[in-house]
Amino acid sequence: MIVVMDLRATEQDVASVEEVLKKFGYSCHFIRGVERLVIGAVGSGHGVPEGLEMMTGVEKIVPIMQPFKLVSREMKPEDTVIEAGMLRLGGGYFSVIAGPCAVESFTQLSVSASVVRTSGAAALRGGAFKPRTSPYAFQGLEKQGLEYLARAREETGLSIVTEVVNPSDVEQVARIADVIQIGARNMQNFPLLREVGRLRLPVLLKRGLCATVEEWLMAAEYILAEGNYNVILCERGIRTFETYTRNTLDVSAIALAKRLSHLPVIADPSHASGSWRLVRPLALASVAAGADGLLIEVHPNPAAALCDGPQSLNPGHFQELMAEIEIMVKVFNKTLWRGEEENDC
Ligand code: PEP
Ligand code: MN
């Protein structure tokens with residue numbers, strides 16, 4: 001449930017309400033809106049404590065109907081804006097995160113970073129830990145990859161988005177990353193979700209291959225319930241009967257997640273399609289569906305990529321796409337964020 005506090009509520013009033021809610025088995029999350037404080041009471045508590053509505057400082061009590069609570073728009077009607085270095089997403093800001101699937105060498109990453117930066121993206125992506133279907137496939141450069149990512153940030157100023165696969169690696173990845181990615185295969189790895197929930201670093205949460213929108217939002221709820229409210233939802237395509245594409249981009253999930261949740265929603269047309277030729281139309285469709293950003297795989301030489309080459313854009317194609325994204329973002333009244341306000345002169 002949500003306890004909406006009165007405009008004149010004092011700290012003491014809030015503390016008294018918290019005490020009552022805790023006694024009833026709820027944990028409290030404080031959400032300070034533009035005007036007033038809202039207390040999100042979640043957890044194993046049942047029902048409304050008697051007399052709560054009559055307490056000083058309480059304006060009203062609103063039940064949340066959805067199974068996801070902290071994630072829902074009912075809890076927080078206004079968009080969450082996430083900032084991490086150059087990146088800004090949500091509330092009218094649109095950012096592009098781009099780069100190779102995996103960090104392969106410093107040269108490969110550095111060339112990618114420079115293309116990504118000059119084309120107008122705000123963040124560099126690249127996996128140092130790769131969750132591969134085959135145990136014999138390239139698994140990533142791990143610690144060395146993280147070091148290369150940190151060097152690429154120094155060179156370009158771009159924010160770094162990189163994946164963590166194992167709960168025991170969260171600490172070392174969090175030391176380097178500006179945004180920590182949870183991949184589709186780990187969307188319901190609950191210990192991992194709890195671990196990144198204890199951080200205050202933004203988390204990019206990909207939708208699982210076969211996850212419903214509700215399961216995806218419930219996974220995000222795990223992270224918020226630990227106190228980390230900085231979650232970016234990423235639609236990356238789901239498994240369907242279609243085999244001509246690697247996955248099927250669920251465009252309706254983008255629009256739906258924006259309605260159901262205050263969290264920013266981005267789309268990943270690269271993993272959704274599996275083919276670089278389809279990245280452009282899916283990227284533009286995602287902007288039209290209301291996405292707050294895009295995650296796109298770019299490689300200096302896709303034919304030589306160690307991972308996901310067929311879906312990676314080459315530098316020229318990425319540059320062309322960025323010009324189109326910029327136009328689309330404007331049409332939908334958003335600001336393409338490149339780390340600073342555009343000079344309108
Ligand atoms: C990736 O971003 O490279 C990746 C592995 O994506 P997903 O988890 O969506 O398959
Ligand atoms: Mn990939």
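Source: prediction; values computed, not measured.

Sorry if this is basic, but what is going on with the coordination of the manganese ion (ligand 2) here?
Geometry sets the ideal angles at a metal, namely 109.5 degrees for four tetrahedral donors and 90 or 180 degrees for six octahedral donors. Taken together, the protein ligands of the manganese ion (ligand 2) are C101 (SG), H271 (NE2), E297 (OE) and D308 (OD), with distances of 2.0 to 2.4 Å. One chain supplies every donor for the manganese ion (ligand 2), spaced along it as C-x169-H-x25-E-x10-D. Linking C101 in the loop between β7 (93–99) and α2 (106–119) with D308 in the loop between β14 (293–297) and α10 (315–331), this pair joins segments that are 207 residues apart in sequence. Neither residue differs from the other here; C101 and D308 are each classed as buried.

Hey, could you run me through the environment of K69 in this one?
Mapped onto the fold, K69 is located in the loop between β4 (58–62) and β5 (82–84). Considering only alpha carbons, one finds K69 and G43, 26 residues apart in sequence, at a separation of 9.7 Å. What K69 contacts, discounting residues up to four positions off in sequence, is V42, I64, M75 and E221. Within the structure, the side chain of K69 is placed 3.0 Å from the backbone oxygen of I64, a separation counted as a polar contact.

Explain the site of ligand 1 to me, please; I cannot follow it from the model alone.
Residues in contact with ligand 1, as listed here, are C101, R125, K130, E163, Q181, G183, A184, R185, K206, R236, H271 and E297. In this structure, an oxygen atom belonging to ligand 1 sits 2.6 Å away from a side-chain N or O atom of R236. For ligand 1, the protein covers 97% of the area, taking 300 Å² as the surface of the free molecule. Its residues assigned to classes, the shell around ligand 1 comprises 2 nonpolar, 3 polar and 7 charged.

In this structure, what is going on with the pattern of salt bridges? I would like to understand it.
A side chain with one charge can pair with a side chain of the opposite charge if their charged atoms come near. Counting across every chain of the model gives 22 salt bridges. One salt bridge in this structure joins D308 and R246, with 3.1 Å as the shortest N-O distance. Taken together, the positions of D308 in the loop between β14 and α10 and R246 in the loop between β12 (231–235) and α7 (251–260) put the pair 62 residues apart, joining distant regions of the chain. On the accessibility criterion, R246 (38% relative accessible area) is partly exposed. Here D292 and K258 are joined by a salt bridge, their closest N and O atoms 2.8 Å apart. On the criterion of sequence distance, the pair formed by D292 in the loop between α9 (276–289) and β14 and K258 in helix α7 is long-range, its members being 34 residues apart.

Sorry if this is basic, but what is going on with the domain arrangement of the protein here?
It is common to give the size of an interface as the accessible area lost on bringing the parts into contact. According to the domain assignment, the protein contains domain 1 (2–62) and domain 2 (82–343). Inter-centroid distance (C-alpha atoms) of domain 1 to domain 2 is 36 Å.

Would you take a moment to explain the packing of helix α5 (residues 190–197) against helix α6 (residues 213–225) for this structure?
Two packed helices can be described by the angle between their axes and the distance between those axes. Between α5 and α6, whose axes approach to 7 Å, the crossing angle comes to 45°. What the angle tells us is that α5 and α6 run oblique. Between α5 and α6 the crossing geometry is right-handed. Here α5 contributes F190, L193, R194, V196 and G197 to the contact with α6, which in turn contributes A219, Y222 and I223.

What am I meant to see in the packing of aromatic side chains here?
Aromatic ring pairs are defined here through the distance separating the ring centres and the angle between the ring planes. In total, this model carries 3 aromatic pairs according to the counting rule given. Ring centres of Y93 and W337 lie 5.3 Å apart, and the angle between their planes is 75°; on these two criteria the pair is classed as edge-to-face. Taken as a pair, Y93 in strand β7 and W337 in the segment after β15 (335–336) lie far apart in primary sequence, 244 residues in all. Comparing Y93 with W337, the two get one shared label, buried. The ring of Y93 is capped by R88, whose NZ or CZ atom sits 4.7 Å from the centre of that ring. In this arrangement the basic side chain of R88 is found over the ring face of W337, its NZ or CZ atom lying 4.0 Å from the centre.

Calculation notes
- Residues numbered from 1 in each chain as written.
- Chains lettered and ligands numbered in written order.
- Predicted model: local features only at pLDDT ≥ 70, side-chain atom pairs only at ≥ 80, totals over all residues.
- Heavy atoms only, no water.
- Donors = N, O, S within 2.8 Å, 3.2 Å for Na, K, Ca; no water.
- Helix = DSSP H or I, 4+ residues; strand = E, 2+ residues; numbered from the N terminus.
- Buried < 20%, exposed > 50% of the residue type's maximum accessible area, 1.4 Å probe, protein only.
- Contact = heavy atoms within 4.5 Å.
- Polar contact = N/O pair within 3.5 Å; in protein donor to acceptor, adjacent residues only side chain to side chain.
- Near = heavy atom within 4 Å.
- Areas by Shrake-Rupley, 256 points an atom, 1.4 Å probe, with all protein chains shown as cover.
- Nonpolar A, V, L, I, M, F, W, Y, C, P; charged D, E, K, R; others polar.
- Salt bridge = Lys/Arg side-chain N within 4 Å of Asp/Glu carboxyl O.
- Domains from an automatic or database assignment.
- Axes fitted to C-alpha atoms, helices over the stretch in contact; angles between N-to-C directions.
- Parallel < 35°, antiparallel > 145°, perpendicular 65-115°, else oblique.
- Left-handed = near helix turned anticlockwise from the far one by under 90°.
- Phe/Tyr/Trp six-rings, centres within 6.5 Å; stacked < 30°, edge-to-face > 60°.
- Lys NZ or Arg CZ within 6 Å of the ring centre and 35° of its normal.

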